[in-house]
Amino acid sequence: MKGDKSFDVVAKGLFFLAVTIIVLFIILFTISGGFMKQNYLNPWSKEYSKRYSDPRICLAARGILAASGHNMQPWTLKYDPTDSMSFYLYANRERITKEVDPEYRQMMISQGTFLEYVLVAGEKEGWNVQIKLFPNGEYDEGNLVHSMDTLPVAKITLKSAQPEDTPLYNAMYMPDTNRMPYWDHELSPYEISSLESVSETSDISIKVYKELSDRSYISTCVMKGATTEAGVPRVMEETNTIFRPNEHQKNQYRYGFSVEGQGTYGLMKPVLQGMLTIFPSLNSGKAASQNFIKSTQTSVDSTPAYVMIVTERNDRMTQVRSGMIYSQLVLTGHTMGLAMQPLSQVLEEYPEMNPIYTEFKQTYAPEGGTIQMLFRAGFPKGRMPFSMRQDVMGFFVTQ
Ligand SMILES: Cc1cc2nc3c(=O)[nH]c(=O)nc-3n(C[C@H](O)[C@H](O)[C@H](O)COP(=O)(O)O)c2cc1C
């Protein structure tokens, strides 16, 4: 009958469509490397550090979970040849992002984030972690990259101690950066004071901004910063170079950005990765600039509070200490269910950003201080996937 025939045609059409979608998905899944083991996530397992008996390696395995600018993980570790309980942290000059961070300020903040995680892991596991910053002297600013190679940022010495329970420990195993929308819930006075009291020294202050007038003004500046950055090809290109579009590259490099950074997971991940592998232009040039502006807009549109770390001085030691405080803030935030995302563009020191940077600084650090970190904070609407991490042994070099 006629009705049966047209039903047959529709059913066949649907069947054909379903098969096409499944075949396409399998193709994209394969191209994206979906069958590969995700070695770049190994360090996020709590069992990971247990395979090492040397406490320096065990604690470093937690240090590398910390946030770093552009996820560059710019850390080089060296054992102290004269003391089996000491090791050194150096800034890895091969991980400089000089276009976006010409003063290497974010690079130094990222040294501090690592150190704080080592401290927290030590507290939990019975190690008194003593950190001496720039133990062999400060950097020569005229010969900075050479200084990074030759002068350690920190000497870390472990002394056996009583293990202490710290709520910050479990928080280290959560992604530090959440770029998802946040709920429109105000931070409570308790949450604000818990964050603002993280810094115990007068030269580094933390301020939470939750009033609408501040949030609107900061959001406008953040968007101006993002739009400016999107229009500077060399900065965008630098970011694009470290984008890893598929599992092959993520396992190969294990640092930089990937689609997870925008909260992509589940079935969408292999689809997007497959597409980006076949059509890299989807995330480069103009498309990358538009994606960046759009994602920043999404972030600022759902931000119940901004937080700033402001310092009186801007020397290397202060930058490292700001990074330690940033890690403490992230971990303290996690214990209260808060998520965070730095929005650094407006703080960046390359020439095109200068007018916006100067205006922002005059508004929020009028007395000649430096805003080391600006980030949004709130209760996230979604969980973030983990970002890549290198193997801990890859950070250790022997002289
Ligand atoms: C100094 C510094 C600056 C950062 N700036 C930004 C930023 O502007 N935008 C952003 O989304 N994330 C920023 N981040 C977060 C890093 O991109 C993030 O830590 C890294 O990709 C690893 O991800 P995870 O923190 O979730 O482990 C920054 C982190 C640091 C330490």
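Residues numbered from 1 in each chain as written. Predicted model: local features only at pLDDT ≥ 70, side-chain atom pairs only at ≥ 80, totals over all residues.

On to the site of the ligand, then. Near the ligand you find 20 residues, and of these Ala67, Asn71, Asp176, Thr177 and Ser344 are the closest. The set of elements that each furnish at least two residues to the shell around the ligand consists of α3 (105-125) and β7 (339-342). Tallying contributions element by element places α3 first for the shell around the ligand, with 4 residues. (Near = placed C-beta within 6 Å. Helix = DSSP H or I, 4+ residues; strand = E, 2+ residues; numbered from the N terminus.)

Quick look at the sheet that holds strand β4 (residues 154-160) now. Spatial strand order, β3-β4-β2-β1-β9: 5 strands in an open sheet with mixed pairing. Two strands bound the open sheet, and with one partner strand each, they are β3 (127-133) and β9 (396-397). Of the pairings in the sheet, the one linking β3 to β4 comprises 7 bridges and is antiparallel in character. Of the residues in β4, the one forming a bridge with Val129 is Leu158. Contacts between α3 and the sheet are confined to β1 (75-79), β2 (86-91), β3 and β4, with β3 contributing the most and set at about 160 degrees to the helix. (Pairing = 2+ DSSP bridges. Contact = placed C-beta atoms within 7 Å. Axes fitted to C-alpha atoms, helices over the stretch in contact; angles between N-to-C directions.)

It is worth spelling out the sheet that holds β7 at this point. The strand order across the open sheet built from 4 strands is β5-β6-β8-β7, with neighbouring strands paired in antiparallel fashion. Strands with a single pairing partner mark the edges of an open sheet, and in this sheet they are β5 (204-209) and β7. Taking the axes of each pair of neighbouring strands and ignoring which way they run, one obtains an average angle of 25 degrees across the sheet. Sheet analysis places β7 next to strand β8 (residues 370-378), joined by 4 bridges and oriented antiparallel. Within β8, the residue paired with Gln341 across the bridge is Arg376.

Moving on, we get to the domain arrangement of the protein. For the protein, the assigned domains read domain 1 (39-172 + 386-397) and domain 2 (189-378). Breaking the side of domain 1 that touches domain 2 down by element, the ones donating at least two residues are α3 and α5 (168-171). The element best represented in the side of domain 1 that touches domain 2 is α3, accounting for 12 residues. Residues belonging to the side of domain 1 that touches domain 2 are distributed by class as follows: 20 nonpolar, 12 polar and 7 charged. (Domains from an automatic or database assignment. Nonpolar A, V, L, I, M, F, W, Y, C, P; charged D, E, K, R; others polar.)

Residue His70 is not a glycine yet carries a positive backbone phi of 55 degrees. Structurally, His70 is set in the loop between α2 (55-63) and β1. The class for His70 is buried, based on 20 C-beta atoms found within 10 Å. For Phe134, which is not glycine, the phi dihedral falls at a positive 45 degrees. (Buried ≥ 20, exposed ≤ 12 C-beta atoms within 10 Å, placed from the backbone.)

With that settled, the discussion passes to the environment of Leu89. Its location among the elements puts Leu89 in strand β2. Spatially, the C-alpha atoms of Leu89 and His185 are 39 Å apart, while their sequence positions differ by 96 residues.

Further remarks concern the environment of Val330. Within the secondary structure, Val330 is located in helix α12 (residues 316-335). As for Val330 and Asp176, which are separated by 154 residues in sequence, their C-alpha atoms are 6.4 Å apart. Contact partners of Val330, with chain neighbours within four places excluded, come to Ala67, Asp176 and Met340.

Moving on, we get to the nonpolar core. Ranked by internal contacts, the top residues of the largest apolar core, which has 81 residues, are Ile64, Leu89, Val118, Val307, Met308 and Leu374. For this core, the leading source of residues is α3, giving 10 residues. Counting the residues that make up this core, at least three belong to each of domain 1 (39-172 + 386-397) and domain 2 (189-378). Contact partners of Val118, with chain neighbours within four places excluded, come to Leu59, Ala60, Arg62, Gly63, Val129 and Ile156. (Core = buried A, V, L, I, M, F, W, Y, C linked by C-beta atoms within 7 Å.)

Time to look at the pairing of β1. Where β1 meets β2, 5 bridges bridge the pair, whose relative direction is antiparallel. Paired with Leu77 across the two strands is Leu89, which belongs to β2. Taking the residues that link successive antiparallel strands as the turn, the β1-β2 hairpin has 6 residues.

What follows is about α3. Taking 1.5 Å per residue, 21 residues should reach 30 Å; α3 reaches 31 Å between its end C-alpha atoms and fits that length. Here α3 lies mainly inside the structure; 18 of its 21 residues are buried. Just downstream of α3 lies Gly126, where phi reads positive at about 85 degrees. (Expected span 1.5 Å × (residues − 1).)

Here we take up the packing of α3 against α12. One can describe the packing of α3 onto α12 by two numbers: an axis separation of 6 Å at closest approach and a directional angle of 50 degrees. With respect to α12, the axis of α3 lies oblique. Our pair here, α3 against α12, has a crossing hand that is right-handed. Contact with α3, carried on its side by Arg105, Met108, Ile109, Ser110, Gln111, Gly112, Thr113, Leu115, Glu116, Tyr117 and Val120, involves Arg316, Gln319, Val320, Arg321, Ser322, Gly323, Met324, Tyr326, Ser327, Gln328 and Leu331 of α12 and no other residues of that element. Partitioned by chemical class, the residues of the contact of α3 with α12 number 9 nonpolar, 9 polar and 4 charged. (Parallel < 35°, antiparallel > 145°, perpendicular 65-115°, else oblique. Left-handed = near helix turned anticlockwise from the far one by under 90°.)

The next thing to look at is the pairing of β2. The sheet contact formed by β2 and β4 spans 4 bridges and is antiparallel. Counted as the bridge partner of Leu89 is Ala154 from β4.

Turning next to the environment of Pro163. The residue Pro163 is located in the loop between β4 and α5 in this model. On the neighbour-count criterion, Pro163 (11 C-beta atoms within 10 Å) is exposed. Between the C-alpha atom of Pro163 and that of Asn128, which follows or precedes it by 35 residues, the distance is 9.0 Å. If sequence neighbours within four positions are ignored, Pro163 has contacts with Lys124, Glu125 and Gly126.

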